[in-house]
Amino acid sequence: MAEIVVQNLCKEFGSFTAVQSSSFTIEDGEFFMLLGPSGCGKTTTLRMIAGLELPTSGEIYIDGEEVGRRPASQRDIAFVFQMFALYPHMNVRKNISYPLVSQGMPRARVREKVQEVARILGIEDILDRPVGGLSGGDRQRVALGRAIVRDPKAFMMDEPLGALDAEFREHMSQELRALHDRMGATTVYVTHDQLEAMQMGDKIVVMNHGVIEQFGKPQDIYDKPATMFVADFIGSPSMNFLDFDGAVQPGSGAVTLDGQALPVPAAREAFSGGMAYGVRPEHVRISDSSAYRGRVRATEYLGTTQIVTIATPNGELKARIPSEQPARLDETVGLDFNGTTVTLFDRQTGRALG
Ligand code: ATP
């Protein structure tokens, strides 16, 4: 198990900055997600922690020791690539035991360890089978087995479920999380899938263009996004942004959009200028009593809920409401918001206002 501290980590490839001054702490035993769109620097960050890429500057501490310039072999970290990377000419047992055999561990001990790992992963019955004929799920379990068999301090996983279809991916992600809960080893996991990050992670770092946008627990990031990028990237459909020009004063609990006072969390700082009124679809209520109004443009039936697209004077908005609640095309409806679930953003910087 290991605590990993990353401080002011930078990586430049020529004149291109892939990772810019990243700092975060991964606590011992945490399942930690690096999340962001393609090219944002997730893999580069992971590779630097694992020792597969040299940082341009900054420090990486594993259990208090600075390891940023040490080779991967001295960091005691297992890197799980796409889990299908197995040795095709070996059977399951040999694939799993390979890291131990190459360390020179006595054969009896290797047998014991492989048996233990196979039991944890539920693959004892296929130990003597060639890996070639295995199903996708079993191949993944074998690849995981090879990573966990040597009890590394931490696991680095780069989109390990990326090649799977949606249904099986969901199943394997639950299995992986359960395995982590049993073993408790610090795990750093790269994904571009916000749902996967929310479901699996203890903490999430959200990256964009090499910069950390936000770092925290899934629920904090969802409820209190620090930037419009995070608010937009996390959640489906993503947060609505109603554009308006106005002012807020410290302590004030409302802003004015289209002549109507709409609730916001009590402001701590004064601000005036272009803002976005950020509200998630599930926090929009359609209510006749509200004076802030919009016109229904589309409805999308999803079973127990429906997504209703509404044109407002401040831009389009999506509401997730119960399917049985009527919402007719072209009808004008009142829209109601709860201030505690709203986030106000400075439109120019994209940052949430405090
Ligand atoms: P993806 O999910 O697409 O892999 P990512 O967030 O993991 O995205 P990285 O692989 O870390 O992104 O890459 C970040 C940026 O750095 C990308 O623009 C990529 O093209 C660039 N990059 C990565 N490795 C190198 C390299 N060896 N030389 C030059 N540029 C690189």
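Our subject is the structure listed above.
Quick caveat, the model's predicted, so the values are computed rather than measured.

The rules behind the values
- Residues numbered from 1 in each chain as written.
- Predicted model: local features only at pLDDT ≥ 70, side-chain atom pairs only at ≥ 80, totals over all residues.
- Pairing = 2+ DSSP bridges.
- Helix = DSSP H or I, 4+ residues; strand = E, 2+ residues; numbered from the N terminus.
- Core = buried A, V, L, I, M, F, W, Y, C linked by C-beta atoms within 7 Å.
- Buried ≥ 20, exposed ≤ 12 C-beta atoms within 10 Å, placed from the backbone.
- Domains from an automatic or database assignment.
- Contact = placed C-beta atoms within 7 Å.
- Axes fitted to C-alpha atoms, helices over the stretch in contact; angles between N-to-C directions.

Novice: Describe the pairing of strand S16 (residues 293-301), with residues and values.
Specialist: Sheet topology places S16 next to strand S19 (residues 332-336); three bridges connect them, and they run antiparallel. Looking across to S19, one finds that Gly294 is bridged to Val333. For S16 and strand S17 (residues 305-312), the ladder comprises six bridges, and the chain directions are antiparallel. The residue of S17 that forms the bridge with Ala298 is Thr309. Where S16 hands over to S17, the hairpin turn is made up of three residues, of which Gly303 adopts a positive phi near 95°.

Novice: So what's going on with unusual backbone geometry? Residues and values would help.
Specialist: Note the cis peptide between Ser236 and Pro237, where omega equals -5°. Secondary-structure assignment places Pro237 in the loop between helix H8 (228-233) and strand S11 (240-248). Its identity as a non-glycine residue notwithstanding, Asn8 has a phi of 50°, on the positive side. Structurally, Asn8 can be placed in strand S1 (residues 4-13).

Novice: Give a description of the nonpolar core that names residues and reports values.
Specialist: Val80, Met156, Val188 and Tyr277 are the most contacted members of the largest nonpolar core, which has 86 residues in total. Two domains share this core, each providing at least three of its residues, namely domain 1 (4-229) and domain 2 (238-346). When sequence neighbours within four positions are dropped, the list of residues in contact with Met156 reads Leu46, Ile49, Ala50, Ile77, Phe79, Val80 and Val188.

Novice: Help me get a handle on the environment of Thr341, residues and values and all.
Specialist: One can find Thr341 in the loop between S19 and strand S20 (342-346). Each C-alpha atom, one on Thr341 and one on Pro265, is 7.8 Å from the other, the two residues being 76 residues apart in sequence. Once residues within four sequence positions are removed from consideration, Thr341 is found in contact with Val279, Arg280 and His283.

Novice: Would you mind going over the sheet that holds S17 in detail, with residue names and values included?
Specialist: Strand order across the open sheet formed by five strands is S15-S19-S16-S17-S18, with antiparallel pairing between neighbours. What marks the edges here is a single partner per strand, and that holds for strand S15 (285-286) and strand S18 (315-322).

Novice: How would you sum up the sheet that holds strand S7 (residues 154-158)? Please name residues and give values.
Specialist: Pairing is mixed across the open sheet formed by six strands, whose spatial order is S6-S7-S8-S3-S9-S10. Every interior strand has two partners, whereas the edge strands, strand S6 (77-80) and strand S10 (211-216), have only one. Going from strand to strand, the sheet's axes swing by 15° on average, the running direction of each strand aside. When S6 meets S7, the two strands line up parallel, connected through four bridges. Each bridged residue has a counterpart across the sheet, and for Val80 the counterpart in S7 is Met157.

This is a description of form; function is not addressed.
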